[in-house]
Amino acid sequence: MERLSTLCYIEQDGKYLMLHRTVKKNDVNKDKWIGVGGHFEHGESPEECLLREVKEETGYTLTSWKYRGIVTFVYGEDTVEYMSLYTADGFTGEPIECDEGELEWVDKKDIPALELWEGDKIFFRLLDMEREFFSLKLVYNRSDVLQYAALDGEPLELFDEIREDGSRTGVVKERGVVHEDGSLHPTVHTWIVRSNDKSGYDLLLQKRSECKDSNPGCWDISSAGHVEAGHGYLESAIRELKEELGIDALPEQLREVGTRRCGFESEFYGRPFRDNELSMIYIYEEPVNTAELTLQESEVSETAWMDYKECRRKVAGHLFQNCIYEDELDMVGRALKISI
């Protein structure tokens, strides 16, 4: 079943007019907070549908609006809806009661705490960034779990939200949303090491690309990355080694060190960034020739070997630009039996 609809977020004084869908029993949006809008009638244009639906649900007549994007909403195996997404900042008229649920003006900063579709959080982020017209595809299963998302045809990264013990909550979130709301999610950190005659080991460090969404241009762990939704730690570590450095590692070649809870809050490119991770740490001791590495340009700009104790001293003394955690270095040092 394919349907056409409009969805509008009316804004005023830093707030959006939100509709809490509580009335209909067989409603795919039951108990969720959404904008106002509805399905096209025969022969209607998107704007005609927009104006009619807003008037019917709110009592307002829109006087200023903007077409922001197309949202392709796929639910289960039989529902596909193409939603024309609008924002509006001008209207006249008096509010009326809505037979779809309760209307409420909600401060934009409070909207993420509402019961929302996870995909809605993606387009709220795009709207907040003042992104020009976009096409967003969102695919859900019948349990309302986000299974796939793509922006302008490019797949977006999805992560499992996890509890402190590492178990999954059942919620799947998009990468940008995770780093806005600070949801706990799994990551992998792999340290590539080689023997030396100083502390006993060198560490291979990577320099993060200048286009990274966090800590651009900083020296970091040999290889690190997120665990994609539905995947495990070890397979993710192997994938990251291949993608970032071109290393074909076998599962038995990665030595598990343990998990570490880490995170930080900062700002990059003028937007808040909240990182909240449960990281599985690995050590990789196979021979690595840096001249033969294939670096993923979007992730890594260069690599360099550094003696473990020298690295530990420089990180502790803030002597070079890095985003390495001292306590994680200590975990690696203990695993390598280096006296710290």
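Residues numbered from 1 in each chain as written. Predicted model: local features only at pLDDT ≥ 70, side-chain atom pairs only at ≥ 80, totals over all residues. Heavy atoms only, no water.

**Quick notes on the overall build of the protein**
Reasoning step 1: A tally of regular secondary structure across the protein gives 6 helices and 19 strands.
Reasoning step 2: The dimensions of the protein, computed from C-alpha atoms along their principal axes, are 80 × 40 × 35 Å.
Reasoning step 3: Across the 340 residues in the protein, those meeting the buried criterion constitute 51%.
Reasoning step 4: Of note, the protein has its 40 positive side-chain charges centred 4 Å away from the centre of its 70 negative side-chain charges. (Helix = DSSP H or I, 4+ residues; strand = E, 2+ residues; numbered from the N terminus. Buried < 20%, exposed > 50% of the residue type's maximum accessible area, 1.4 Å probe, protein only. Lys, Arg positive; Asp, Glu negative; His and termini not counted. Charge placed at Lys NZ, Arg CZ, Asp CG, Glu CD.)

**Let's talk about the layout of surface pockets**
Reasoning step 1: Here the largest pocket is characterised by a volume of approximately 1,300 Å³.
Reasoning step 2: Lining the largest pocket are 48 residues, and of these Arg175, His179, Lys212, Asp213 and Phe273 lie nearest its centre.
Reasoning step 3: At 5 residues, the largest contribution of residues to the lining of the largest pocket is made by strand β18 (residues 271-284).
Reasoning step 4: Of the residues belonging to the lining of the largest pocket, the class tally is 17 nonpolar, 11 polar and 20 charged. (1 Å grid on protein atoms, 1.4 Å probe; cavity = no way out; pocket = protein on both sides within 12 Å on 5 of 7 lines; lining within 4 Å. Points joined across faces, edges and corners; volume = space filled by probe spheres on them. Nonpolar A, V, L, I, M, F, W, Y, C, P; charged D, E, K, R; others polar.)

**Brief notes about unusual backbone geometry**
Reasoning step 1: With phi around 55°, Asp13 is a residue other than glycine that occupies positive phi space.
Reasoning step 2: Structurally, Asp13 can be placed in the loop between β1 (2-12) and β2 (15-21).
Reasoning step 3: A relative accessible area of 71% places Asp13 in the exposed class.
Reasoning step 4: Although it is not a glycine, His318 adopts a positive phi angle of roughly 55°.

**Examining the nonpolar core**
Reasoning step 1: Formed by 31 residues in total, the largest nonpolar core has its most connected members in Tyr9, Met18, Phe123 and Phe124.
Reasoning step 2: The element best represented in this core is helix α2 (residues 118-128), accounting for 5 residues.
Reasoning step 3: Residues within four places of Met18 in sequence aside, it is in contact with Tyr9, Trp33, Ile34, Glu102, Leu103, Glu104, Val106, Ile111, Leu114, Leu116 and Phe124.
Reasoning step 4: In this structure, Leu203, Ile281, Ile283 and Cys311 belong to the second largest nonpolar core, which totals 22 residues. (Core = buried A, V, L, I, M, F, W, Y, C linked by side-chain atoms within 4.5 Å. Contact = heavy atoms within 4.5 Å.)

**Observations regarding the packing of aromatic side chains**
Reasoning step 1: Counted under the stated rule, the structure contains 17 aromatic pairs.
Reasoning step 2: Considering the side-chain rings of Tyr67 and Phe133, the 5.2 Å spacing of their centres and the 85° angle between planes classify their relative orientation as edge-to-face. Remark: Phe133 occurs in the loop between α2 and β8 (134-140) and Tyr67 occurs in strand β5 (residues 61-75); sequence separation between them is 66 residues.
Reasoning step 3: Exposure remark for Phe133: the relative accessible area of 46% places this residue in the partly exposed category.
Reasoning step 4: Looking at Lys32, its charged tip hangs above the ring of Trp117, at a distance of 4.3 Å from the centre.
Reasoning step 5: Just above the ring of Tyr325 sits the side chain of Arg260; from NZ or CZ to the centre is 4.1 Å. (Phe/Tyr/Trp six-rings, centres within 6.5 Å; stacked < 30°, edge-to-face > 60°. Lys NZ or Arg CZ within 6 Å of the ring centre and 35° of its normal.)

**Digging into helix α5 (residues 308-316)**
Reasoning step 1: Taken as a whole, α5 has its buried residues at Tyr308, Cys311, Arg312 and Val315. Buried residues of α5, viewed axially, fall in a sector of 100°; they line one side.
Reasoning step 2: For α5, the elements touching its buried residues are β14 (201-208), β19 (300-307) and α6 (326-335).
Reasoning step 3: For α5, the N-terminal capping position is held by Asp307, with its side-chain oxygen 3.2 Å away from the main-chain nitrogen of Lys309. (Arc of directions from axis to C-beta. Polar contact = N/O pair within 3.5 Å; in protein donor to acceptor, adjacent residues only side chain to side chain.)

**A short note on the environment of Cys323**
Reasoning step 1: Of note, Cys323 is situated in the loop between α5 and α6.
Reasoning step 2: Here Cys323 falls in the buried class, since its relative accessible area comes to 18%.
Reasoning step 3: Along the sequence, Cys323 and Arg52 sit 271 residues apart, while their C-alpha atoms lie 52 Å from each other.
Reasoning step 4: With sequence-adjacent residues up to four places away left out, Cys323 is seen in contact with Arg208, Asn215, Cys218, Trp219 and Asp220.

**What to know about the environment of Arg125**
Reasoning step 1: Secondary-structure assignment places Arg125 in helix α2.
Reasoning step 2: Sequence spacing of Arg125 and Arg261 is 136 residues, and the spatial spacing of their C-alpha atoms is 26 Å.
Reasoning step 3: Discounting residues that sit within four places of it in the chain, Arg125 has contacts with Glu174, Gly176, Val177, Glu180 and Arg271.

**Some words on the pattern of salt bridges**
Reasoning step 1: Counted under the stated rule, the structure contains 36 salt bridges.
Reasoning step 2: Glu164 serves as the salt-bridge partner of Arg261, at 2.7 Å between the closest nitrogen and oxygen. Of this pair, Arg261 sits in strand β17 (residues 254-268) while Glu164 sits in the loop between β11 (158-162) and β12 (168-174), placing them 97 residues apart in sequence.
Reasoning step 3: Between Asp327 and Arg260 there is a salt bridge whose closest N-O contact spans 2.7 Å. Of the two residues, Asp327 is situated in helix α6 and Arg260 in strand β17; the sequence distance between them amounts to 67 residues.
Reasoning step 4: The partly exposed category is assigned to Asp327, whose relative accessible area is 39%.
Reasoning step 5: By sharing partners, the salt bridges in this structure join Glu41, Glu44, Arg52, Glu53 and Glu56 into a single network. (Salt bridge = Lys/Arg side-chain N within 4 Å of Asp/Glu carboxyl O.)

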